[in-house]
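A look at the structure
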Amino acid sequence: LPVELPFPHVLYRKIVFHIPTGYSVKNPNDINMNVAHTENGVTTMGFESSYTQTGDVLTILINETYREINYPLSQFEDFKKVINASADFNKVVLVLKKK
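The structure presented is a predicted model; accordingly, all values stated were derived computationally and were not measured. (Residues numbered from 1 in each chain as written. Predicted model: local features only at pLDDT ≥ 70, side-chain atom pairs only at ≥ 80, totals over all residues. Heavy atoms only, no water.)

Remarks on the packing of aromatic side chains
Both the distance between ring centres and the angle between the ring planes are used here to describe each pair of aromatic rings. Per the counting criterion, the structure on display carries 3 aromatic pairs. Their ring planes at 50° and their centres at 6.0 Å tell us that Phe 47 and Phe 89 sit as a pair that is tilted. Here Phe 47, found in strand E5 (residues 42–54), pairs with Phe 89, found in helix H1 (residues 76–89); they are 42 residues apart in sequence, far enough to count as distant. Looking at Phe 47, the relative accessible area reads 2%, which means it is buried. Between Tyr 71 and Phe 79, the aromatic rings sit 5.8 Å apart at their centres with planes inclined by 35°, giving tilted as the arrangement. Pair check on accessibility: Tyr 71 and Phe 79 agree, each one buried. Taken together, the ring pairs connect Tyr 66, Tyr 71 and Phe 79 into an aromatic cluster. (Phe/Tyr/Trp six-rings, centres within 6.5 Å; stacked < 30°, edge-to-face > 60°. Helix = DSSP H or I, 4+ residues; strand = E, 2+ residues; numbered from the N terminus. Buried < 20%, exposed > 50% of the residue type's maximum accessible area, 1.4 Å probe, protein only.)

Topic: the side chain of Thr 59
One can find Thr 59 in strand E6 (residues 57–66). Owing to a relative accessible area of 16%, Thr 59 belongs among the buried residues under this scheme. In contact with Thr 59, other than residues within four places in its own chain, are Lys 14, Ile 15, Val 16, Ser 50, Tyr 51 and Thr 52. (Contact = heavy atoms within 4.5 Å.)

Shown next as structure tokens:
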């Protein structure tokens, strides 16, 4: 079936993680995700996560966007990929290793 949302919305999250002294994050690139559906150069739905690190502070930015309230059946698979990217992000496990 087509997708119908109650309203367009953007979910922005910022996670600040302080890396314990004497440790580093072994797999920070696991944070990077980018799944989107674009029409006419405009992202109508998407999930993007990225990080920056300054010293012992790892800052994670997440932007989940749904700009429309109706997505036709032809876009259902893309919608599913975006929703699943959000769920997959919750499975990311950062591994700390001793320096």
